[in-house]
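# An overview of the molecular structure
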Amino acid sequence: QVRLVESGGGLVQAGGSLRLSCAASGTIFLPNLMGWYRQAPGKQRELVATITSAIRTNYAGSVKGRFTISRDNLENTVYLQMNSLKPEDTAVYYCTLDGSRWYGREFWGQGTQVTVSA
């Protein structure tokens, strides 16, 4: 089984920056796909960014140019550097790992709150 623990969320002023981290434990494989989603109250969960083991990245259009996803394959840790934050970035951010090949499911963290004040 896999556990994901996010950290780095908090309160920041518009224009500021935060760096989120997600550490995966209990893994004996190199996950292909890891990523970040976010969900604001009353809204659907949406993809923010993904990254493969080959460091191929994909970003939502709303964050491209402001956010950077990266990973440490040795540590099975994924990061999200968020710059130029806007109030509309306020959400709970969730880390995800695709373990479908080995476990038949994806894994999700508990989420970390990001609040951007105007």
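Analysis parameters
- Residues numbered from 1 in each chain as written.
- Predicted model: local features only at pLDDT ≥ 70, side-chain atom pairs only at ≥ 80, totals over all residues.
- Heavy atoms only, no water.
- Pairing = 2+ DSSP bridges.
- Helix = DSSP H or I, 4+ residues; strand = E, 2+ residues; numbered from the N terminus.
- Axes fitted to C-alpha atoms, helices over the stretch in contact; angles between N-to-C directions.
- Phe/Tyr/Trp six-rings, centres within 6.5 Å; stacked < 30°, edge-to-face > 60°.
- Buried < 20%, exposed > 50% of the residue type's maximum accessible area, 1.4 Å probe, protein only.
- Lys NZ or Arg CZ within 6 Å of the ring centre and 35° of its normal.
- Core = buried A, V, L, I, M, F, W, Y, C linked by side-chain atoms within 4.5 Å.
- Contact = heavy atoms within 4.5 Å.

## Let's talk about the sheet that holds strand S1 (residues 3–7)
The antiparallel open sheet is built from four strands, whose spatial order is S1-S3-S8-S7. The open sheet has two free edges, formed respectively by S1 and strand S7 (67–72), since each of these has just one partner strand. Here the average twist between neighbouring strands, direction ignored, is 15°. Alignment of S1 against strand S3 (residues 18–25), held across five bridges, turns out to be antiparallel. Pairing of Val-5 across the sheet is with Ala-23, part of S3.

## Focus on the packing of aromatic side chains
According to the stated counting rule, one finds two aromatic pairs in the structure shown. Between Tyr-37 and Trp-108, the ring centres sit 5.2 Å apart and the planes meet at 70°, which makes this aromatic pair edge-to-face. Here Tyr-37 is found in strand S4 (residues 33–39), whereas its partner Trp-108 is found in strand S10 (residues 106–108), with 71 residues between them in sequence. A relative accessible area of 30% places Trp-108 in the partly exposed class. Pairing Tyr-103 with Phe-107 gives two aromatic rings, centres 5.4 Å apart and planes at 90°, and the pair type is edge-to-face. You can call Tyr-103 partly exposed: its relative accessible area is 28%. Phe-107 sits in the buried class, given a relative accessible area of 2%. Just above the ring of Tyr-79 sits the side chain of Arg-19; from NZ or CZ to the centre is 4.4 Å. One cation-aromatic arrangement involves Arg-45 over Trp-108; the distance from NZ or CZ to the ring centre is 4.7 Å.

## Side note on the nonpolar core
In terms of nonpolar packing, the biggest core is built from 30 residues, with Trp-36, Leu-80, Met-82 and Tyr-93 touching the most fellow members. Residue assignment for this core shows that the elements contributing at least two residues are S3, S4, strand S5 (46–52), S7, strand S8 (77–82), strand S9 (91–98) and strand S11 (112–117). Setting aside residues no more than four positions away along its own chain, Leu-80 makes contact with Leu-18, Arg-19, Leu-20, Trp-36, Val-48, Ala-49, Phe-67, Thr-68, Ile-69 and Tyr-93.

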